[in-house]
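Architecture and fold: a report
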Amino acid sequence: MKVLVLLTNFFPYGQEEPYLETEVPFYQGLFNRVIICSLQLRKNHINSKPRDLTKEFSVIPVCKLSFWGYFIRLFYSILDINYYREIMRLIRQKRFTFRRLKRLTFYLVRAHYEAHIVREKICKSRIISIDDSIVFYSYRFDYQPYVGLLLSRNFPNSTVISRGHGFDLYEFRRPENYIPLRPFLLNSLTRIFPVSNQGREYLLDTFSAPIKKVEVARLGTKDYGLGEIPVTRTPLRIVSCSTLSEVKRVHLIIQALSKIEIDIHWDHYGTGELALDLKDLAESVLPKNVSYAFRGHFANYDLMQIYQKTPYHFFVNVSSSEGLPVSIMEAMSFGIPCIATDVGGTCEIVTDRRNGFLLRSDFPPSDLAKILTLYASAEPSSYDQLRKNARGDWELGFSARNNYHRFVHQLSTL
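To start, this report covers the structure provided alongside it. Predicted, not measured: the structure shown is a model, and the values here were computed from it.

Description of the overall build of the protein chain
When its secondary structure is counted, the protein chain shows 16 helices and twelve strands. Looking at the protein chain residue by residue over its 414 residues, the buried ones come to 56%. Contacts in the protein chain between residues far apart in sequence, at least 24 positions, make up 74% of those at least 6 positions apart. Here the protein chain displays about 18600 Å² of accessible surface, and carbon together with sulfur accounts for 53% of that area.

This is the structure:
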């Protein structure tokens, strides 16, 4: 029997990892059984109803422990030979610090604990046979692939693969500038699938990853059809969608809008720890010609319905770091041109002056203000071409139907 074991953080519980909702339907027909292991659940997740799945899917929930719960399981780390090999690697590279040692210890304790829970539940339920052909698929490239490698020891006909996005891929995005066991994972996994060319080059250049093991597999978004075409650019309608966190730099949008004299309306979808600060900033600096609304969190399907029915002129993303932003893919699928910072894999979606505009990562807010002001009065044919290219480029490179069908077929043949 052909089995896929998907290692997630929360999915199908809660609202996190919404992009998996688009991917998982493509597993049907290629695998006899799909087992989803939700590895980081909290009490509020367990008490909530998981998202609907068909009968081919089984779910193994794993509850996250408290600090002391992990602490008393330190033996998981000190009995793992990779603990000492990684310490020696850090010492040789002159990168050893106690903060990195703490990160490594927690990494291994967590991986061993979660693998132990999943293994027990698999054996008890007998949903996998030792003779099955199994793909352990980690959706994140952090400690979760190590969970897959630990589980694969019990199943001789198994392979372990992982995706790589942004925060889970790039060490420089971490406070300690460190993600444990990178060389070990890159050599031990069957395949690593970063979601962008930039991510692939990072792994090859930084860790000398085996070139045949690292292959780009882009994410994709559903096709809801073209959005409503604006009949006027007064006001100019822009939209952004992200967490309200430091890396997303939404304050730069506010600063840019404060410099604009045209009539403009801005909607932001998403919330986060900086919500109150950003609302206060917007209230204090935005002039009367700028109307705005912080819309808060919406379920992905509901947000797509809004995009389809609202005549937005531009989608704006000014993050300091990205993987391959799904939020931009979603906007472009409706024909909404995008203005975004040239970070991570964003330039693989946004082509400057073709389907939107690329800003320097350290752009001054006046640059964004100039683009918006220019296109408020540009020739209709010029703006219409941006919309046409946005939709066409999405169809070519970021359609879920094309990208996920190809990716899942690869998994099924591993």
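Some remarks on the side chain of N82
In this structure, N82 sits in helix α5 (residues 81–92). When its relative accessible area of 5% is taken as the criterion, N82 is described as buried. Polar side-chain contacts of N82 include one of 3.0 Å to the side chain of Y146. If we skip the residues at most four places from it in the chain, N82 touches Y146, L181 and F184.

A few points about the sheet that holds strand β5 (residues 158–164)
In sheet architecture, strand pairing relies on hydrogen bonds along the backbone and comes in two forms, parallel and antiparallel. An order of β3-β2-β1-β4-β5-β6 is seen for the six strands of this open sheet, with the pairing classed as parallel. Taken across any chain shown, the strands that pair with only one partner, and hence form the sheet edges, are β3 (57–63) and β6 (191–194). For this sheet the average axis-to-axis angle between neighbouring strands, irrespective of direction, equals 20°. Pairing geometry for strand β1 (residues 2–8) and strand β4 (residues 133–138), over six bridges, is parallel. Paired with L4 across the two strands is V135, which belongs to β4. Docked against the sheet, helix α7 (residues 144–152) engages β1, β2 (33–41), β4 and β5, running at close to 175° with respect to β5.

Quick notes on the nonpolar core
Proteins that are soluble and globular tend to have nonpolar side chains buried together. Core analysis: the biggest nonpolar cluster contains 51 residues, and V5, I128 and L203 have the highest contact counts within it. If one sorts the elements of this core by residue count, helix α6 (residues 98–125) sits on top with eleven residues. Filtering out sequence-adjacent residues up to four positions away, L203 remains in contact with F141, L169, L186, I192, S208, A209 and V214. Core analysis: the next-biggest nonpolar cluster, separate from the first, contains 48 residues, Y307, F315, A400 and L411 among them.

Quick word on the packing of aromatic side chains
In total, this model carries 32 aromatic pairs according to the counting rule given. Measuring from ring centre to ring centre gives 6.5 Å for F314 and F357, while their planes differ by 55°; the resulting arrangement is tilted. Taken together, the positions of F314 in strand β10 (residues 314–317) and F357 in strand β12 (residues 356–359) put the pair 43 residues apart, joining distant regions of the chain. Look at F357 and you get buried, because its relative accessible area is 4%. Feature note: the residues Y224, Y269, F298, Y301, Y307, Y312 and F334 constitute an aromatic cluster, connected by ring pairs. The lysine or arginine in question, R163, covers the ring of F407, its NZ or CZ lying 4.0 Å from the ring centre. Over the ring of F141 we find R182; its NZ or CZ atom is 3.9 Å from the centre of that ring.

What about the pairing of β10?
What you see with β10 is no split at all: F314 and V316 on one side and F315 and N317 on the other are buried throughout. Two elements, strand β7 (residues 236–241) and β10, share two bridges in a ladder whose sense is parallel. By the bridge assignment for β10, V239 is matched with F315. By the bridge criterion, three bridges tie β10 to strand β11 (residues 338–341) in an arrangement that is parallel. Among the inter-strand pairings, N317 is bridged to a residue of β11, identified as A340. Handedness of the crossover is the feature at issue here: the chain leaves β10, passes through helix α13 (residues 326–333), returns alongside β11, and the resulting connection is right-handed.

Some thoughts on empty space enclosed by the protein
According to the stated counting rule, one finds one cavity of 30 Å³ or more in the structure shown. Quantified by volume, the largest cavity comes out at close to 60 Å³. Forming the boundary of the largest cavity are S240, C241, S242, K248, V250, I253, V316, N317, V318 and S319.

Here's the deal with the environment of D342
Along the polypeptide, D342 turns up in the loop between β11 and β12. Measuring from C-alpha to C-alpha, the distance between D342 and F357 comes to 9.2 Å, with 15 residues separating the pair along the chain. The residues touching D342, leaving out its near neighbours within four places in the chain, are C347, L358 and L359.

Details of the side chain of T159
Turning to its location among the elements, T159 is positioned in strand β5. Discounting residues that sit within four places of it in the chain, T159 has contacts with I134, V135, F136, T190 and L414.

Observations concerning the state of the cysteines
Overall, the coordinates contain zero disulfides when judged by the stated rule. As a non-bridged cysteine, C123 has C37 as the owner of its nearest cysteine sulfur, 12 Å distant. Take C347: it sits in no disulfide, and the sulfur closest to it among the cysteines is that of C338, at 14 Å.

Some points on the pattern of salt bridges
Going through the model one piece at a time under the given rule, you end up with 20 salt bridges. A salt bridge links R51 to E21, with the shortest nitrogen-to-oxygen separation between them at 2.7 Å. Here E21 lies in helix α1 (residues 19–23) and R51 lies in the loop between α2 (43–46) and β3, a separation of 30 residues in the sequence. The partly exposed category is assigned to E21, whose relative accessible area is 32%. Residue D267 pairs with R295 through a salt bridge whose shortest N-O separation is 3.1 Å. One end of the pair, D267, is in strand β8 (residues 264–269); the other, R295, is in strand β9 (residues 290–296), and 28 residues separate them in sequence. Beyond isolated ion pairs, a larger network of salt bridges with shared partners links R99, R103 and E176.

Basis of the calculations
Residues numbered from 1 in each chain as written. Predicted model: local features only at pLDDT ≥ 70, side-chain atom pairs only at ≥ 80, totals over all residues. Heavy atoms only, no water. Helix = DSSP H or I, 4+ residues; strand = E, 2+ residues; numbered from the N terminus. Buried < 20%, exposed > 50% of the residue type's maximum accessible area, 1.4 Å probe, protein only. Contact = heavy atoms within 4.5 Å. Areas by Shrake-Rupley, 256 points an atom, 1.4 Å probe, with all protein chains shown as cover. Polar contact = N/O pair within 3.5 Å; in protein donor to acceptor, adjacent residues only side chain to side chain. Pairing = 2+ DSSP bridges. Axes fitted to C-alpha atoms, helices over the stretch in contact; angles between N-to-C directions. Core = buried A, V, L, I, M, F, W, Y, C linked by side-chain atoms within 4.5 Å. Phe/Tyr/Trp six-rings, centres within 6.5 Å; stacked < 30°, edge-to-face > 60°. Lys NZ or Arg CZ within 6 Å of the ring centre and 35° of its normal. Right-handed = clockwise from strand over helix to strand, strands pointing away. 1 Å grid on protein atoms, 1.4 Å probe; cavity = no way out; pocket = protein on both sides within 12 Å on 5 of 7 lines; lining within 4 Å. Points joined across faces, edges and corners; volume = space filled by probe spheres on them. Disulfide = S-S within 2.5 Å. Salt bridge = Lys/Arg side-chain N within 4 Å of Asp/Glu carboxyl O.

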